[in-house]
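# Structural features, examined
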Amino acid sequence: MAVCFSGKHIYVQFVDDLARKTLAAASTRGKEKKGVKANVTGAQAIGKLAAETARSKGIAKVVFDRAGARYHGKVKALADAAREGGLQF
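Here we summarise the structure given alongside this text. Since the structure is predicted, the reported quantities are computational estimates derived from the model, not experimental observations. (Residues numbered from 1 in each chain as written. Predicted model: local features only at pLDDT ≥ 70, side-chain atom pairs only at ≥ 80, totals over all residues. Heavy atoms only, no water.)

### Considering helix α1 (residues 40-56)
Convention followed: Put simply, DSSP H or I for four residues or longer makes a helix, DSSP E for two residues or longer makes a strand, and each gets a number counted from the N terminus. What a helix should span is 1.5 Å times the count of its residues minus one. Relative accessibility under 20% of the residue-type maximum defines a buried residue, over 50% an exposed one, and the middle range a partly exposed one, all with a 1.4 Å probe and only protein chains included. Should any heavy atoms of two residues lie within 4.5 Å, those residues are considered in contact. Polar contact criterion, stated in full: a pair of N or O atoms within 3.5 Å, where within protein one must be able to donate a hydrogen and the other to accept it, and residues adjacent in sequence count only if both atoms are side-chain atoms.
With 17 residues, α1 extends 24 Å from end C-alpha to end C-alpha; this agrees with the ideal 24 Å at 1.5 Å per step. The set of residues buried in α1 consists of Gly42, Ala43, Ala45, Ile46, Gly47, Leu49, Ala50, Ala51, Thr53 and Ala54. Against β2 (10-16), β3 (21-27) and α2 (74-84) lie the buried residues of α1. Capping the start of α1 is the job of one residue whose side-chain oxygen sits 3.3 Å from the backbone nitrogen of Thr41: Asn39.

Here is the structure:
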């Protein structure tokens, strides 16, 4: 589960490193979450959406790659929401 934050958007991808393929993705730019901002509330919404998307593809356990971002604020909110959605990491 690779997470990336820009000034306006939040992106989450579930990547299979061995096959070099993206298995699932969720972001604030998607049709489901249009209008969600890149803040703590938006991170919670995207975390929930990412968990639903991953679970629908059969993904239950992930490694959380926060790309060097500190684990607080938006990153923590997204991770907590994903855990509540059923992902294990």
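### Topic: the packing of aromatic side chains
As a reminder, the rule being used: Geometry of aromatic contacts follows a simple scheme: Phe, Tyr and Trp rings, the Trp one being its six-membered ring, pair when their centres are within 6.5 Å, and the pair is stacked under 30 degrees between planes, edge-to-face over 60, tilted otherwise.
This model, assessed by the stated rule, comprises two aromatic pairs. Residues Phe64 and Phe89 carry aromatic rings whose centres are separated by 5.1 Å and whose planes lie at 25° to one another, so their mutual orientation is stacked. Residue Phe64 is found in the loop between α1 and α2, and its partner Phe89 is found in the segment after α2; the two are separated by 25 residues along the sequence. Residue classification places Phe64 among the buried positions, given a relative accessible area of 18%.

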